[in-house]
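Here is how the chains run, residue by residue.
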Amino acid sequence: MKKIKVLERILATIPLMLGVAILVFVFMRMLPGDPVDIMMGDSLATEAEMSMIRESMGLDEPFGSQLLSFLGGILKGDLGNSYMFNAPVKDVILRALPATIELALAAIVIALLLGVPIGILSAVKRNSWLDRITMGWAFLGISMPAFWLGLVLIILFGVNWGLLPTQGRLDHFVELKTITGIYTLDSILTGNLEAFKSSVRHLLLPGFTLGANLMAIVARVVRSSMIEVLEQDYVTLARAKGLVEWAVVTKHALRNALIPVITVVGLQVGVLLGGNMIVEQVFSWPGLGRLVVDAIYGRDYPLVQGAVMLYALTFVVANLIVDILYTNLNPKIEL
Amino acid sequence: MRFRYPVLLTTLVVILMVGLLVGGCGNSTEQTGADGKTLSIVIDSIPDRKAEADAIAGYLREIGVDAEVRVWEWNTLRESILAGERQVYTSDWGSATFDPYDLAVPKLKTDDRGNFSFYSNSEVDALLMQGSTGFTEEARYEAYVQAQQLIHEDAPWIFGYYKDSIEAASIKVQNWEPSMDTRINLHNVALTEGDTIVVGLRSDKILTLDPANYRDRETETVIRNIYDGLVTRTPDGEVVPELAKSWTNPEPTVYEFVLRDDVYFHNGQKMTADDVVFTFERIMAPDGIDGMPSPRLGLLGPLESVEKIDDYQVRFTLSESFPVFLQLLVHTQIVPKDYVEEVGAKGLAENPVGTGPYKYVSGRLDDQIVLERFDGYYGGSPDLKKSGKEPVKKVIFKNMPEPSTRVSALLAGEVHIIQMVPEDLAPRLEADPRVNVMTAEGTRVYGLEFNTAKEPFDDVRVRQAINYAVNWDEILTELYQGRAHRLSTAFLPSGFGYDPDLEPYSYNPEKAKELLREAGYRVND
């Protein structure tokens with residue numbers, strides 16, 4: 001039964017993706033601005049030269065046939081050529097994607113490592129000064145713009161204290177053979193300890209900046225669901241059996257309190273992958289977000305189309321995975 | 001209590017409708033009064049220059065012009081400008097040839113590509129043509145000077161300014177100075193410590209490593225460390241030999257180059273006239289880049305043919321006299337014929353092979369490009385200042401689009417040279433003993449263009465009045481920390497034919513009011 005439901009959901013993404021593709025296609029072309037004109041900037045160019053380039057990109061064809069050949073391409077797994085790079089969109093996206101995934105994962109790990117303990121602590125010490133301080137911080141974390149936080153962290157940790165690198169993914173003197181493009185993973189796979197340390201150090205500031213918001217959300221969700229769980233009968237029973245408080249909290253309460261956290265994190269995965277343009281910009285992180293913003297400014301239609309479809313797919317898949325996990329954790333809920 | 005809500009709602013609807021009626025009357029209303037109408041205008045600006053546009057609107061309001069500022073993304077604004085839907089707008093245009101040929105000509109010649117002000121003066125057109133294609137330097141200079149005077153008088157823009165381009169380097173970097181054409185030539189640069197130099201580029205990405213397939217300056221910065229051209233420029237814009245030993249210009253339309261005979265490509269092959277001919281023919285062919293046209297055709301000017309005279313001599317024939325040819329030639333880098341024929345444009349872009357001081361190691365266009373010293377290098381142009389030391393072993397060009405990150409990374413010692421320091425961050429760097437801040441004269445003109453084809457700016461008095469009404473000195477000091485310099489027209493002091501005696505419009509609100517009154521507008525007393 002469940003397998004069929006999952007299959008249904010997967011199949012449902014196909015028309016959804018098609019809709020997204022058409023929407024992005026239409027919206028991008030509604031944006032004022034001509035890709036060739038933008039590409040030539042203010043350099044010397046004749047009208048004849050530009051129409052030759054326009055033709056070679058297929059931009060001289062009528063709107064309808066452009067859309068059809070785009071949709072036809074998608075069915076064949078071909079997203080077209082990026083105007084800016086004059087290379088297949090698939091290649092351009094794939095070479096930027098690992099950096100973005102790595103950053104998003106780092107953000108999630110940092111958010112969980114900090115957010116969950118903070119949430120537990122404030123729940124256990126509810127209404128104490130500790131609770132107020134941590135929740136105050138969490139509130140700050142939600143409201144702080146990433147751009148500002150990133151710059152402050154760079155100035156403090158990078159420039160003033162010299163503790164962490166301010167930009168990039170790896171120190172320039174470190175060599176690393178890339179396999180997946182996710183540097184931490186690659187350095188483990190190749191047993192390169194130096195590269196591992198370097199890439200982790202480079203992940204800390206951008207990861208924290210990107211994860212600050214999620215961390216605050218996680219802390220607040222953990223706190224409220226923990227408070228609810230701690231008042232359940234089975235927790236009282238555990239206490240009555242004479243278990244020490246930390247064991248009650250970590251072994252009995254936490255497992256149930258974490259269910260809503262999975263939903264929150266799952267929903268945020270899409271946001272983290274698609275919404276990190278600013279963090280990538282601030283930390284010179286060569287990921288997809290930065291590329292997409294640039295592609296929008298440059299009216300690189302195929303690249304924007306490809307990237308937005310990928311973002312949409314990420315949201316859909318993340319939601320599906322969350323739902324499946326959810327039913328596993330709580331069998332009372334159906335897909 | 002119940003009746004209150006309908007009353008409130010009705011009131012709201014009435015207010016809204018009145019608001020819509022009043023606000024929806026378009027962006028340029030002229031209210032006619034007893035002593036003429038009020039001039040009411042909208043200044044359209046890009047986000048980066050909003051403060052400047054606000055200041056200008058402020059000056060205009062002082063004399064009684066009703067001015068409002070709106071902000072747009074540039075390419076969106078540009079399209080509505082070209083459709084003739086805007087009144088006055090911020091714009092800028094860069095010059096790469098140190099000649100009005102790629103600045104005043106496209107900006108002010110009737111119907112030319114960059115003419116966003118729809119300015120049209122046949123006399124100016126003729127002078128600009130004479131200036132860019134004339135036979136003698138004197139005739140060209142004279143024509144440009146006359147053109148400037150006419151343009152100044154006609155005031156198709158609120159004439160603006162050019163900025164210093166501010167760059168910075170660690171004090172460990174020796175013999176580096178910013179170039180006016182933003183080239184960073186690392187061959188002549190040395191480090192006092194370490195053997196790797198890291199450059200923080202202002203860009204998001206490098207477009208390609210094929211020198212025939214891009215059209216932006218940052219890509220060129222990287223490419224010109226891998227490839228050399230026949231000629232190059234000194235930091236202040238003079239054309240000097242690079243791969244060419246010398247040249248002659250026997251006829252106005254013919255250039256003959258003698259090539260160096262000690263130049264090798266990174267793959268060990270010797271560079272000859274065949275490679276030079278191939279490089280240019282590849283750009284001229286409509287399908288030269290793996291079946292696609294090269295976007296650099298416009299940079300060859302009226303080049304008609306390139307022929308090999310012998311292994312180390314090449315003849316260029318133009319279809320018409322073209323004095324800017326040598327300046328343009330700087331922007332074409334020589335590629336190896338045999339290699340490109342073998343691997344194609346895609347192969348060249350992935351594994352570039354040039355004659356430049358550094359050869360390609362690895363990289364990703366939207367991340368960083370790593371190069372290492374080419375030990376077979378012939379030594380570069382004899383006319384460029386040398387450091388006298390061995391060039392660094394390894395070079396990394398990093399895309400760092402965020403200015404404050406570039407500044408932080410330089411201060412943290414992670415990069416050695418950074419491009420484009422924003423004016424407001426420069427003092428901080430200047431105060432730091434670990435860093436040298438240097439400037440080169442910018443080659444980009446900033447101004448605000450009028451739509452001269454439509455009311456109210458089809459009236460030259462109104463355009464002149466606005467020029468008199470703006471206190472540029474105050475704007476440039478306050479907003480650009482004095483690192484921007486007034487221009488009297490759209491000609492740059494660094495470009496050929498600049499008239500240093502032509503004064504910019506002075507700040508003269510009284511004169512502005514007088515002109516507006518003459519044009520039939522009401523002004524403040």
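Residues numbered from 1 in each chain as written. Chains lettered and ligands numbered in written order. Predicted model: local features only at pLDDT ≥ 70, side-chain atom pairs only at ≥ 80, totals over all residues.

A. Quick look at the interface of chain B and chain A. Between chain B and chain A, the contact holds 44 residues from the first and 41 residues from the second. Residue assignment for the side of chain B that touches chain A shows that the elements contributing at least two residues are helix 3 (74-82), strand 5 (88-94), strand 9 (196-201), strand 18 (394-399) and helix 11 (403-411) of chain B. (Contact = placed C-beta atoms within 7 Å. Helix = DSSP H or I, 4+ residues; strand = E, 2+ residues; numbered from the N terminus.)

B. The arrangement of the nonpolar core in detail. Residues and elements named next belong to chain A. Residues Ala-107, Val-218, Val-222, Val-304 and Ala-307 are the most contacted members of the largest nonpolar core, which totals 228 residues. Tallying contributions element by element places helix 5 (residues 89-124) first for this core, with 18 residues. Not counting residues up to four positions away in its chain, the partners in contact with Val-222 are Gly-115, Val-116, Gly-119, Ile-120, Ala-123, Ala-257 and Val-261. (Core = buried A, V, L, I, M, F, W, Y, C linked by C-beta atoms within 7 Å. Buried ≥ 20, exposed ≤ 12 C-beta atoms within 10 Å, placed from the backbone.)

C. Here's a closer look at the domain arrangement of chain B. Residues and elements named next belong to chain B. Each assigned domain of chain B is listed with its residue range as follows: domain 1 (7-163 + 443-518) and domain 2 (165-440). Between the C-alpha centres of domain 1 and domain 2 the distance comes to 35 Å. Listed per partner, the contact involves 15 residues of domain 1 and 16 residues of domain 2. (Domains from an automatic or database assignment.)

D. Region of the structure containing the confidence of the model for chain A. Looking at chain A as a whole, its pLDDT mean stands at 88, while 99% of the residues score no less than 70. Considering each helix and strand of chain A separately, the mean pLDDT is smallest for helix 11 (residues 245-257) of chain A, with a value of 81, and largest for helix 8 (residues 183-189) of chain A, with 94. (pLDDT = per-residue confidence, 0-100.)

E. Seen up close, the packing of helix 5 of chain A against helix 15 (residues 301-329) of chain A. All names here are of chain A. Taken N-terminus to C-terminus, the directions of helix 5 and helix 15 make an angle of 55°; their axes are 9 Å apart at the nearest point. Classed by the angle they form, the pair helix 5 and helix 15 counts as oblique. The crossing of helix 5 and helix 15 is right-handed. In contact with Val-89, Val-92 and Ile-93 of helix 5, helix 15 contributes Pro-302, Leu-303, Gly-306, Ala-307 and Leu-310. Looking at side-chain class alone, the contact of helix 5 with helix 15 contains seven nonpolar, one polar and no charged residues. (Axes fitted to C-alpha atoms, helices over the stretch in contact; angles between N-to-C directions. Parallel < 35°, antiparallel > 145°, perpendicular 65-115°, else oblique. Left-handed = near helix turned anticlockwise from the far one by under 90°. Nonpolar A, V, L, I, M, F, W, Y, C, P; charged D, E, K, R; others polar.)

F. The arrangement of helix 1 (residues 2-30) of chain A in detail. Taking 1.5 Å as the rise per residue, helix 1 of chain A with 29 residues should run 42 Å; its terminal C-alpha atoms sit 42 Å apart, in good agreement. Among the residues of helix 1 of chain A, A:Val20, A:Ala21, A:Val24, A:Phe25 and A:Met28 are the ones counted as buried. (Expected span 1.5 Å × (residues − 1).)

G. Expanded view of the domain arrangement of chain A. All names here are of chain A. Parsing chain A into structural domains produces domain 1 (2-75) and domain 2 (96-329). One C-alpha centre belongs to domain 1, the other to domain 2; they are set 33 Å apart. Residue-level contacts link 15 residues of domain 1 with 13 residues of domain 2. When contributions to the side of domain 1 that touches domain 2 are tallied by element, the ones reaching two or more residues are helix 1 and helix 2 (35-40). The element contributing the most residues to the side of domain 1 that touches domain 2 is helix 1, with 11 residues. Looking at the side of domain 1 that touches domain 2, its residues break down into 11 nonpolar, two polar and two charged.

H. Region of interest: the sheet that holds strand 13 (residues 254-259) of chain B. Residues and elements named next belong to chain B. Read from one edge to the other, the open sheet built from four strands follows the order 12-13-15-14, with strand pairing classed as antiparallel. Both edges of this open sheet fall to strand 12 (244-251) and strand 14 (303-310), since each of them pairs with a single strand only. Within the sheet, the average angular offset between the axes of one strand and its neighbour, ignoring direction, is 20°. In this structure, strand 14 lies alongside strand 15 (residues 313-318), joined through six bridges in antiparallel fashion. Looking across to strand 15, one finds that Glu-307 is bridged to Arg-315. Helix 8 (residues 273-284) rests against strand 13, strand 14 and strand 15 of the sheet, and its axis sits at about 165° to strand 14. (Pairing = 2+ DSSP bridges.)

I. Highlighting the pairing of strand 5 of chain B. Residue and element names in this part refer to chain B. Most of strand 5 is tucked away: five of the seven residues are buried. Pairing between strand 3 (residues 40-45) and strand 5: two bridges, direction parallel. Bridging across to strand 5, Ile-43 finds its partner in Val-88. Inspection of the sheet shows strand 5 paired to strand 21 (residues 444-450) by seven bridges, in the antiparallel sense. Looking across to strand 21, one finds that Trp-93 is bridged to Val-445.

J. The arrangement of the environment of A:Ser198 in detail. All names here are of chain A. By the secondary structure assignment, Ser-198 is in helix 9 (residues 193-230). Ser-198 sits 109 residues away from Val-89 along the chain, and the two C-alpha atoms are 30 Å apart. In contact with Ser-198, other than residues within four places in its own chain, are Leu-170, Asp-171 and Val-174.

K. Fine view of the environment of B:Glu304. Residues and elements named next belong to chain B. Structurally, the position occupied by Glu-304 is in strand 14. For Glu-304, a count of 13 C-beta atoms within 10 Å gives the class partly exposed. For Glu-304, the contacting residues outside a window of four places in its chain are Thr-317, Leu-318 and Ser-319.

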